[in-house]
Each structure stands twice: as C-alpha cells, then as structure tokens.
Amino acid sequence: MEQPAVERNRKVVLRGYIDRAPREDDLELVDGGVLELRVPEGAGPAVLVKNLYLSCDPYMRGRMRDFHGSYIPPFKLGSAIEGLGLGRVVDSTHPGFSTGDIVSGMTGWEDYSLISKPEQLRKIQQSDIPLSYHLGLLGMPGFTAYVGFYEICSPKKGEFVYVSAASGAVGQIVGQLAKLHGCYVVGSAGTNQKVELLKEKFGFDAAFNYKEEPDLTAALKRYFPEGIDIYFENVGGPMLDAVLLNMRMHGRIAVCGMVSQHGITDPVGIHNLYCLVSKRIQMKGFIQSDHLHLFPQFVDDITRHYRDGKIVYVEDMTTGLENGPSAFVGLFSGKNVGKQVVCVPQD
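What you are looking at is a predicted structure, and each value in this text was computed from that prediction instead of being measured.

A look at the overall build of the protein
Within the protein, the regular secondary structure consists of eight helices and 15 strands. Scaling as 2.2 N^0.38, a compact globule of 347 residues should have a C-alpha radius of gyration of about 20 Å, and the protein matches this with 21 Å. Seen through its principal axes, the protein has C-alpha atoms that stretch 75 × 45 × 35 Å. Taking all 347 residues of the protein together, the buried fraction comes to 53%. Only carbon and sulfur atoms are counted for the fraction: they give 51% of the accessible area of the protein, which is about 15800 Å².

Put into structure tokens, the structure is as follows:
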C-alpha cells in the first residue's frame, strides 16, 4: 500500500494572553511535527490545505486576550493562531472540494491546515486578479468597506466624507468608493508617504498626517469648513472626539474599528457624545459577516471597478511564515503600507 507523503508543519502560536499592545515575542514559530498530507481517517467531511497567503488584521488583537465576551473567541494557547487565509486543497473528503482547488476562509497560521468545516470556505476562480487580493480587495477588508459605506453610511452625491487610517486595507477602498459615488473625500494617515499615496494613487481630494496636527479639531475644521457628513471610523480615541465636533446635522458614522484602543487596558472615554443628540448623528458599529447576502454583488461591483481602472489596490507583502509575527505586530505601529499579507511559499 502506497504511503502518503509527509511534510513538517510549522505553526505560529500565542505564548500567553496579553492585556497590552502586542509584541513580536508574544508569538512564536514552532515545529508542529510531521504531518501526513491527507485528511485523517474518521475526520469526517474535511479538507487539508497548503496555506499560500495569510491575512494580518487588527481584529486578531482581540483574540490575544483571555476574554470570551466578544463575537469571536480567544486564540487557543499552544495551537496555531487563526486568521483569514488562502490556500490550495491537498486532500479532501468533502464532496464540494477537490485536490488543487484554491480556497479562502478561516485557517491556521501554519504550513498546512485541516479544515473541519469546509462549508465555510469559498472557492476562488483564478483570473487576471492576483490571488492575494482575495484577502483584501475582494476579501473581508474590501467587503467591510463596501458594506460600511453603502449600507451603514447611506451616501449621497456631493457629501463630505472623512476616512481615518485611510491608507489601510479598508480605508483605501472606502475613499475610492466615495469618490466613485461623487463625494468629496479627505483621509488621514500616520506618515507623509501614506498621505501622498492617498492623494496621488487613491484619488482622495485631500489628506493629512494626523501626527503632525497638534489640534485635531482645528485640522478637521480646516479640511471640512462646512462640516463632515460621513465619517468612516477606524481609530477611535481623540480622533473620534474631534470628528464629533465637526459633524454636520444628520451626519452618519460607521464604526468599523478602533485601532488606537486595541492595546489599552482602560480604553479612553469619548467626551463629545452629546453631539449625537444636538446634531442628530447616527453612529453605528457593524461586522461585515452580518451582511453576507451582499457578497456576490460586492465581488461583481469591485471586480468591474478594478478591471475598468476605477479602483486601485495596494498591499504590503511579507514573505515567510517565520516573518508573520513581525508583520502582524507592525499593524499597530503603522508599519504597513496598504493591506498586510504574509506569503507562505510553496515547496
């Protein structure tokens, strides 16, 4: 009887739960031992995938805490951390997947992952669009931008839109969608390089480096003398306070994330919430997975815009599973330019 092929399976594991900003030494690359390249007997309908690309996303920081009150549980210590990824099927006992299929979905940060719920995977048809873009432009970040802008913000042509963390995986798409919709768009970022990227590559009307602004309220007043209709919230903290003071009557705020608060045990309070009343502002948090019925429409729309040259995309690619921890931690200091992805080279 022919013996199945075997490979060593490296894993990135969380060394212990934290209540601060993540550091590179919180994550460790370990040898997971020898793995047979087949679905184990008795595993039921499952697929074994060779991971090709892994997505670095800020929400993963929340899974590094020993906290069970969120929409997604903490990482299991000693097991490979999990995240969105894209891989090639090596073996399958599920009728919907075959060897060689390219799939995306939740996977482990490891060379090979056994997916016990393959019905949650999505098949990817290879095309002229780079495979890694299915973790960004055509993946969760792109869908977050699409849902947040169209469903939560209810934009109207000519409105004034502000996007924080605007050069990141989500923000760069929000800004471009707003421009396509006929809005006036301003973004902020943490380096002058990113500010130029917003204006020159993504077509924002204006952009500024928030680290060079001693008074965020005054800065927003300068860029939005008539006020802000739509704010796509990615950072929280003092930025949200400044935005609230600059919102227009009946403005909308889509709360996508608050990356400035991820490493803080005692989160900073918001001081200008009364603006919600006086200005009749709608502020709503959302999770993209609550809107999956829109995903096919999203893929069609964004693919068309990309092929027509109306949307461009920037990703920050790190090669090697061993470099995954530094790539992930870099999210929280603004090290990445664009969508951060880790490439796990094929053999």
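Topic: unusual backbone geometry
A positive phi angle, close to 45 degrees, is found at alanine 165, a residue other than glycine. Note on placement: alanine 165 falls in the loop between strand 8 (160-163) and helix 2 (171-180).

Points about the pairing of strand 15 (residues 339-343)
Burial runs high along strand 15: five of the five residues are buried. Burial along strand 15 is two-sided: the residues Lys339, Val341 and Cys343 and Gln340 and Val342 are all buried. By the bridge criterion, three bridges tie strand 3 (residues 47-55) to strand 15 in an arrangement that is antiparallel. The residue of strand 15 that forms the bridge with tyrosine 53 is cysteine 343. Pairing geometry for strand 14 (residues 315-319) and strand 15, over five bridges, is parallel. Residue pairing in the sheet places aspartate 316 in a bridge with glutamine 340 of strand 15. Considered for its hand, the β-α-β crossover made up of strand 14, helix 8 (residues 324-330) and strand 15 is right-handed.

Things to note about helix 3 (residues 192-200)
Listed as buried for helix 3 are Lys194, Val195, Leu197 and Leu198. Down the axis of helix 3, the buried set is contained in an arc of 160 degrees. They therefore lie on one face. Turned more than 90 degrees away from the buried face of helix 3, the exposed residues are Gln193 and Glu200. Its buried side turned inward, helix 3 meets strand 9 (184-189) and strand 10 (206-209).

So, the nonpolar core
Ranked by size, the top nonpolar core spans 41 residues in total, and within it Leu137, Phe149, Val161, Val163, Phe232 and Ile302 carry the most contacts. Listed by contribution, the elements that provide at least two residues to this core are helix 1 (140-152), strand 8, helix 2, strand 9, helix 3, strand 11 (228-233) and helix 7 (295-307). For this core, the leading source of residues is helix 1, giving six residues. Two domains each provide a minimum of three residues to this core, namely domain 1 (6-136 + 314-343) and domain 2 (140-289). Discounting chain neighbours no more than four positions away, the residues touching valine 163 are Gly171, Val174, Gly175, Val185, Val186, Gly187, Ser188, Phe204, Phe232 and Asn234.

Notes on the domain arrangement of the protein
One widely used convention gives an interface's size as the accessible area the parts lose upon coming together. Assigned domains of the protein: these are domain 1 (6-136 + 314-343) and domain 2 (140-289). Summarising the inter-unit geometry, the C-alpha centres of domain 1 and domain 2 are found 29 Å apart. Counting residues at the interface gives 19 residues for domain 1 and 18 residues for domain 2. Carbon and sulfur atoms supply 62% of the area buried between domain 1 and domain 2, which totals about 1300 Å² over both sides. Of all residues in domain 1, Gly136, Val314 and Val337 bury the most surface against domain 2, accounting for 33% of the area lost on that side. Inspection of the domain 1/domain 2 interface yields zero salt bridges.

Details of the sheet that holds strand 13 (residues 282-285)
With parallel pairing, six strands are arranged side by side in an open sheet as 10-9-8-11-12-13. Since the sheet does not close on itself, it has two edges, and those belong to strand 10 and strand 13, each with one partner. Each strand of the sheet is rotated relative to its neighbour by a mean of 15 degrees, with strand direction disregarded. In the sheet, strand 8 pairs with strand 11 via three bridges, with the strands oriented parallel. By the bridge assignment, tyrosine 162 is partnered in strand 11 with tyrosine 231. Strand contacts of helix 1: strand 8, strand 11, strand 12 (247-255) and strand 13, with the helix running at about 150 degrees to strand 11, the strand carrying the most contacts. Its contacts with the sheet put helix 4 (residues 216-223) on strand 8, strand 9, strand 10 and strand 11, and the angle it makes with strand 10 is roughly 165 degrees.

Examining helix 7
In a regular helix each residue adds 1.5 Å, so 13 residues correspond to 18 Å; helix 7 covers 18 Å between its end C-alpha atoms and thus fits that length. Listed as buried for helix 7 are Phe295, Phe298, Asp301, Ile302, Thr303 and His305. Downstream of helix 7 by one or two residues, glycine 309 has phi in the positive range, about 75 degrees.

Let's talk about the packing of helix 1 against helix 7
Put simply, helix 1 and helix 7 touch, their axes get as near as 10 Å, and they point 100 degrees apart. Overall, the two elements helix 1 and helix 7 adopt an arrangement that is roughly perpendicular. Here Gly142, Phe143 and Tyr146 of helix 1 come into contact with helix 7, specifically with Phe295, Gln297, Phe298, Asp301 and Ile302. Grouping the amino acids of the contact of helix 1 with helix 7 by side-chain chemistry returns five nonpolar, two polar and one charged.

Here is what the cut-offs are and how they apply
- Residues numbered from 1 in each chain as written.
- Predicted model: local features only at pLDDT ≥ 70, side-chain atom pairs only at ≥ 80, totals over all residues.
- Heavy atoms only, no water.
- Helix = DSSP H or I, 4+ residues; strand = E, 2+ residues; numbered from the N terminus.
- Rg over C-alpha atoms; globule rule 2.2 N^0.38 Å.
- Buried < 20%, exposed > 50% of the residue type's maximum accessible area, 1.4 Å probe, protein only.
- Areas by Shrake-Rupley, 256 points an atom, 1.4 Å probe, with all protein chains shown as cover.
- Pairing = 2+ DSSP bridges.
- Right-handed = clockwise from strand over helix to strand, strands pointing away.
- Arc of directions from axis to C-beta.
- Contact = heavy atoms within 4.5 Å.
- Core = buried A, V, L, I, M, F, W, Y, C linked by side-chain atoms within 4.5 Å.
- Domains from an automatic or database assignment.
- Buried area = accessible area lost by both parts, 1.4 Å probe.
- Salt bridge = Lys/Arg side-chain N within 4 Å of Asp/Glu carboxyl O.
- Axes fitted to C-alpha atoms, helices over the stretch in contact; angles between N-to-C directions.
- Expected span 1.5 Å × (residues − 1).
- Parallel < 35°, antiparallel > 145°, perpendicular 65-115°, else oblique.
- Nonpolar A, V, L, I, M, F, W, Y, C, P; charged D, E, K, R; others polar.

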